[in-house]
Amino acid sequence: MPEASPEPGQEARPKARPEAQPGAQREAPPAARPEARPGAQHEAPPDAHPPAQPPTHHTAVPETKPEAMTDTTGAGPGFPAAAVPGGAPPPQPAPPHTVLKSLLGAWALAACSAEETAAVETHLTDCASCADEALRLRDAVGLLHPADSLDLDPLLRSRVLEGCLGRRPPRIPVPEWATPYDAETAKLDALLHDMGEAEWRAPVRLRWFESERLVERATTVAGVIGHLLTVDGLVATSLGLPDPLGDRAPQGAPGPTTRTEAYWQMAGEEPGRLATHGPWREQSYALIRTVSFAGGGVGELAVPYGRLQLPMCDALLDRAFGCWVHAGDIADAVDYPYEPPAAGHVHQLIDLATRLLPTALAHRRRAGLAAQPQKLVEAGAPGRTLHLEVEGSGGGHWYIPLDSPAALGTKELTVAHIALDSAEFCQLAAGHISPEEAAAGQDGEREAIRDVLFATASLSRL
């Protein structure tokens, strides 16, 4: 039905619709009127006339319509995303160029937050000058001095002692063959002092090579120190010092494994810190004092290792090697860095292992685990030889006789050559890696190379 025309003298005034306010509630209409729907046109009822308007001089206002909104949140029409809980916030504008340029130094040092890093790296793809500056800063970072560890240098003790002894020689010096044991026990003692009570119960897996395969034994940090205490006790009893096992020591001439098992049974499943650390350290002090005061002849005193006997000078080198290896096991268990021995001490330990290799080869031949010698060689006579080259700290060249423990290894009769890193050779001798895993440079008779690598692994024990 057409709308009524305005009376003469009146201006036509369109009806203004109020704009919808986002998130605001609308007033309820009077009961006599039907409820208005947003955005819908009001229809006049039939035969209804608009009320008379007084004359006005207002300018006509154009009709306004509610702004269209797209529903992307599922909240319904008329609600923007930011007004809905959980809606995606509007994207933040990128920081200005000056701010991003000021962050390049922190970015090069990896000190920016994740948001700053993303903003800087996005900017670097668009700004050539900042990209060049970032490359220069990254190169400069590589020239900075690395952060020093808070731990003391493990060689500090040796340097201090060397300086002191250089100024005033000791009245009673420690024998040269006992200095590796003195140094390694001091390093392990420092590590143990830094450990908390709970770390003494940390699980440790002892590994060695036996019956042509790697074997393991689970224990704790305290159990490892108990093992060192009882095996060092073999040296102690040879010097007339008390046996740490006391009356419970196995009868006869037990080896390291039998003594260790006896100690673990005596101490229980988890020996404590007080039961192991103090006695072990006191015994190591007593060993160094005794061999230092005993004079030069003590180095030839025999120390029984079960079926094997070693002179005192070699026995203390063997105990230094065991202390270093098991200190590394403990450090791995508690996630603590541990440095290898000094180069001169490593050389002494490798030299001991190479001197034991001909005897180890002979034992394996008697057990049918190694090839028989090609010919018999008289004691002291030169025979077939393997050239062992150990590279790195404490390395050197050794010539291993292959046909007899009493034969003489010579460069002229070399039939095979093995090259190993010093750390890898020590890991092989400790039974921590198998002969197949040793990344050795090999040349010459394959059978001789295999026999020497397996003989080196067989030097290990619990």
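Structure's up top.
Residues numbered from 1 in each chain as written. Predicted model: local features only at pLDDT ≥ 70, side-chain atom pairs only at ≥ 80, totals over all residues. Heavy atoms only, no water.

A. How the structure looks around the overall build of the chain. Per the secondary structure count, the chain includes 13 helices and 8 strands. By the burial criterion, 37% of the 462 residues in the chain qualify as buried. Pairs at least 24 residues apart make up 70% of the contacts formed inside the chain by residues separated by at least 6 positions. (Helix = DSSP H or I, 4+ residues; strand = E, 2+ residues; numbered from the N terminus. Buried < 20%, exposed > 50% of the residue type's maximum accessible area, 1.4 Å probe, protein only. Contact = heavy atoms within 4.5 Å.)

B. Representation of helix H13 (residues 446–457) within the structure. Relative to the 16 Å expected for 12 residues at 1.5 Å per residue, H13 spans 17 Å between its end C-alpha atoms, a close match to the ideal helical length. The buried fraction of H13 amounts to 9 of the 12 residues, a majority that puts the element mostly inside the structure. Elements that come into contact with the buried residues of H13 comprise strand E1 (203–210), helix H11 (343–366), strand E5 (382–391), strand E7 (408–421), helix H12 (422–429) and strand E8 (441–444). (Expected span 1.5 Å × (residues − 1).)

C. Representation of the packing of helix H6 (residues 179–193) against helix H7 (residues 221–238). Packing of H6 against H7 leaves a shortest axis separation of 13 Å and a crossing angle of 155°. One element, H6, and the other, H7, form an angle in the roughly antiparallel class. Considering the relative orientation of H6 and H7, their crossing is left-handed. Contacts between H6 and H7 involve Tyr181, Leu188 and Leu192 from the first element and Val221, Ile225, Leu228 and Asp232 from the second. Here the contact of H6 with H7 is built from residues that sort into 6 nonpolar, no polar and 1 charged. (Axes fitted to C-alpha atoms, helices over the stretch in contact; angles between N-to-C directions. Parallel < 35°, antiparallel > 145°, perpendicular 65-115°, else oblique. Left-handed = near helix turned anticlockwise from the far one by under 90°. Nonpolar A, V, L, I, M, F, W, Y, C, P; charged D, E, K, R; others polar.)

D. Structural detail: the environment of Val303. Structurally, the position occupied by Val303 is in strand E3 (residues 302–305). Measuring from C-alpha to C-alpha, the distance between Val303 and Thr237 comes to 8.7 Å, with 66 residues separating the pair along the chain. Here Val303 is in contact with Leu234, Val235, Ser238, Leu308, Gln309, Leu310, Met312 and Ala315, once residues within four sequence places are set aside.

E. Spatial organisation of unusual backbone geometry. One non-glycine residue with positive phi stands out, namely Ala110, at about 60°. Locating Ala110 in the fold gives a position in the loop between helix H2 (104–108) and helix H3 (114–124). Its relative accessible area of 66% is what places Ala110 among the exposed residues. Even without a glycine there, the phi angle at Ser211 is positive, about 55°. Positionally, Ser211 belongs in the loop between E1 and strand E2 (213–220).

F. Examining the packing of H7 against helix H10 (residues 312–333) more closely. Between H7 and H10, the shortest axis-to-axis distance is 11 Å and the interhelical angle comes to 175°. The angle between H7 and H10 falls in the class roughly antiparallel. On the side of H7, the interface is formed by Val221, Val224, Ile225, His227, Leu228, Val231, Asp232, Val235 and Ser238, while H10 contributes Met312, Ala315, Leu316, Arg319, Gly322, Cys323, His326 and Ile330. Considering only residue class, the contact of H7 with H10 consists of 11 nonpolar, 4 polar and 2 charged.

G. Layout of the sheet that holds strand E6 (residues 396–401). An order of E6-E5-E7-E8 is seen for the 4 strands of this open sheet, with the pairing classed as mixed. Pairing within the sheet leaves two strands with one partner each, and these edge strands are E6 and E8. Averaged over all pairs of adjacent strands, the angle between their axes in this sheet comes to 30°, without regard to strand direction. In this sheet, E7 lies alongside E5 in parallel orientation, the contact comprising 9 bridges. For Gly383, the partnering residue across the bridge sits in E7 and is Gly409. Helix-sheet contacts for H12 involve E5 and E7, and the interaxial angle to E7 is about 95°. (Pairing = 2+ DSSP bridges.)

H. Seen up close, the layout of surface pockets. Space inside the second largest pocket adds up to approximately 1200 Å³. Around the second largest pocket, the lining is made up of 47 residues, and of these Leu308, Ser458, Leu459, Ser460 and Arg461 lie nearest the centre. For the lining of the second largest pocket, the secondary-structure elements that each account for two or more residues are E1, H7, helix H8 (256–267), strand E4 (308–311), H10, H11 and H12. Per element, the largest residue contribution to the lining of the second largest pocket is 10 residues, and it comes from H11. Grouping the amino acids of the lining of the second largest pocket by side-chain chemistry returns 25 nonpolar, 13 polar and 9 charged. (1 Å grid on protein atoms, 1.4 Å probe; cavity = no way out; pocket = protein on both sides within 12 Å on 5 of 7 lines; lining within 4 Å. Points joined across faces, edges and corners; volume = space filled by probe spheres on them.)

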